[in-house]
Amino acid sequence: MENKRKVSLSGIQPSGKITLGNYLGSIKNWVDIQDSDEYDNRYCVVDLHAITVRQDPDDLREQTYQLFAQLMAAGLDPDKCILFIQSHVQGHPELSWILSCFTMFGELSRMTQFKDKSQRHADNINAGLFTYPVLMAADILIYDADIIPVGEDQRQHVELARDIAIRFNNRFPGSFVVPEAYIPKEGAKIMSLQDPSRKMSKSDTNENSFILVMDPPEAIVKKMKRAVTDSDARVAASPDKPGVTNLMHIYAAATGKSFAEIEAEFEGKGYGVFKPAVADAVVELLRPLREKSLELLKDKAYLEDVMAKGAEKARAITDAKVRQIYDKLGFIARR
Ligand code: AQP
């Protein structure tokens, strides 16, 4: 136990085509953590989470292949990490039921994503939308994950997973590692290009609000040109210039430059120069990812093979964990 490497785990929903926000806030970070060689890495496409809002089955299947290919194209290497599809590993929903008995109704009612999504999907406020954070806690705790690399919007859910782990451990000591959110310094919350008070979201109905990882360069240039800024044409970060500040965050995350460097670079130049520069930086950042994804998607049998191998490795961990927890709870061991 003492020499065990720390575990990094995260997931992403195939609820649409992934955005620059998803990439900068999470996927890019997963690849960096994997390549740092300091952690045991487990990353998954969380399809069970995606059905908390209605999905067309054909679209969901296609989006899952696409997302899986994009994760590999971004640099997740099945030889260096366990890469899998959540619904292929039955321990996740099994543990979720157990944890739901250790989660309070009041805690779930306070989740901002639940409040936000219930407003956006008022005709379908289902129990899954409400208990989503419990399944997420199961995703995390079943691997005894130490760090959870996510964007800022998921911090509250990771906090809840911590609270659930602590509560369970108080009743059954030593059951779970208490996880911590691991949020990137730059790119933690990329905002909508059309409404910088809202985060960039793949399920947004306004296509100009987000940049997709698979957007061709022309689309990126067009969407950047239309991005909301403000009347004062200075490239400077400030709370009353949320549109420009958001573009600066994107530029900083894509190029590694600091805000001071960006302000100096565009001093006296205005948005006519700044926006195309941001567009170019994003095009170059996403180009290899887009090209590699298209290549990988030509061979779905290969992707399915990688998915199957990943799920097998994941199940070896989760089956043992579920048995251990069932035993603690007093269930008779299955043979
Ligand atoms: N705008 C964002 N900026 C930075 N990080 C972001 N993430 C999402 N949006 C941004 C991070 O991406 C990871 C995967 O997210 P998810 O698929 O689990 O769902 P989400 O957080 O609900 O993302 P979306 O794009 O808004 O999806 P929909 O529209 O389906 O709800 C997470 O680590 C998240 O923090």
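Computed from a prediction, not measured in an experiment: that's the story for all the values here.

### Overview of the packing of helix α4 (residues 91–100) against helix α7 (residues 127–141)
The geometry of α4 relative to α7 is characterised by a closest axis approach of 8 Å and an angle of 120° between their N-to-C directions. At the point where α4 passes α7, the crossing takes the right-handed sense. Together, His92, Pro93, Leu95, Ser96, Leu99 and Ser100 of α4 and Val134, Leu135, Ala137, Ala138, Asp139 and Leu141 of α7 make up the contact between the two elements. When its residues are assigned to classes, the contact of α4 with α7 shows eight nonpolar, three polar and one charged.

### Section: the site of the ligand
Not every one of the 24 residues close to the ligand is listed here, only the nearest: Ser15, Asp153, Ser201, Lys202 and Ser203. The side chain of Asp153 places a nitrogen or oxygen atom 2.5 Å from an oxygen atom of the ligand. A distance of 2.4 Å is found between an oxygen atom of the ligand and a side-chain nitrogen or oxygen belonging to Ser203. Contact with the protein chains covers 98% of the free accessible surface of the ligand, which is 640 Å². In this structure, the ligand is accommodated by the largest pocket. Listing elements by their share of the shell around the ligand, those giving two or more residues are β1 (6–12), α1 (20–36) and α6 (112–120). Take the shell around the ligand: its biggest share by element is four residues, from α1.

### Things to note about the environment of Asp144
With respect to the helices and strands, the residue Asp144 is situated in the loop between α7 and β4 (147–149). Overall, the relative accessible area of 15% leaves Asp144 in the buried class. With 34 residues separating them along the chain, Asp144 and Val178 place their C-alpha atoms 7.6 Å apart. Beyond its immediate chain neighbours, meaning those up to four positions away, Asp144 contacts Val7, Ser175, Phe176, Val177 and Lys321. Separated by 3.1 Å, the side chain of Asp144 and the backbone nitrogen of Val177 make a polar contact.

### Quick word on the nonpolar core
Where a protein is soluble and globular, its nonpolar side chains tend to be buried together. Among the nonpolar cores identified, the biggest contains 61 residues, and Phe274 and Leu286 are the most heavily contacted of them. Listing elements by their share of this core, those giving two or more residues are α1, β2 (39–45), α3 (57–74), β3 (81–85), α9 (217–226), α10 (242–255), α12 (271–296) and α13 (300–329). Broken down by element, this core gets its largest block of residues, twelve residues, from α12. Mapping this core onto the domain boundaries places at least three of its residues in each of domain 1 (6–188 + 299–329) and domain 2 (207–294). Setting aside residues no more than four positions away along its own chain, Phe274 makes contact with Val235, Val244, Leu247, Met248, Tyr251, Ile262 and Phe266.

### Digging into the domain arrangement of the protein chain
Accessible area lost during the coming together of the parts is what is often quoted as the interface size. We note that the domain assignment places domain 1 (6–188 + 299–329) and domain 2 (207–294) within the protein chain. Computed from C-alpha coordinates alone, the two centres of domain 1 and domain 2 are separated by 29 Å. On the domain 2 side, the residues contacting the 13 residues of domain 1 number 16 residues. Carbon and sulfur atoms make up 76% of the surface buried where domain 1 meets domain 2, a total of about 1300 Å² over both sides. Three residues, Leu20, Ala73 and Glu186, lead the burial of domain 1 against domain 2; their summed loss comes to 42% of the area buried on that side. For the pair domain 1 and domain 2, the interface holds zero salt bridges. Secondary-structure elements contributing two or more residues to the side of domain 1 that touches domain 2 are α1 and α3. Taken together, the residues of the side of domain 1 that touches domain 2 break down into seven nonpolar, three polar and three charged.

The rules behind each value
Residues numbered from 1 in each chain as written. Predicted model: local features only at pLDDT ≥ 70, side-chain atom pairs only at ≥ 80, totals over all residues. Heavy atoms only, no water. Axes fitted to C-alpha atoms, helices over the stretch in contact; angles between N-to-C directions. Helix = DSSP H or I, 4+ residues; strand = E, 2+ residues; numbered from the N terminus. Left-handed = near helix turned anticlockwise from the far one by under 90°. Contact = heavy atoms within 4.5 Å. Nonpolar A, V, L, I, M, F, W, Y, C, P; charged D, E, K, R; others polar. Near = heavy atom within 4 Å. Polar contact = N/O pair within 3.5 Å; in protein donor to acceptor, adjacent residues only side chain to side chain. Areas by Shrake-Rupley, 256 points an atom, 1.4 Å probe, with all protein chains shown as cover. 1 Å grid on protein atoms, 1.4 Å probe; cavity = no way out; pocket = protein on both sides within 12 Å on 5 of 7 lines; lining within 4 Å. Sits in = over half its atoms within 2 Å of the grid points. Buried < 20%, exposed > 50% of the residue type's maximum accessible area, 1.4 Å probe, protein only. Core = buried A, V, L, I, M, F, W, Y, C linked by side-chain atoms within 4.5 Å. Domains from an automatic or database assignment. Buried area = accessible area lost by both parts, 1.4 Å probe. Salt bridge = Lys/Arg side-chain N within 4 Å of Asp/Glu carboxyl O.

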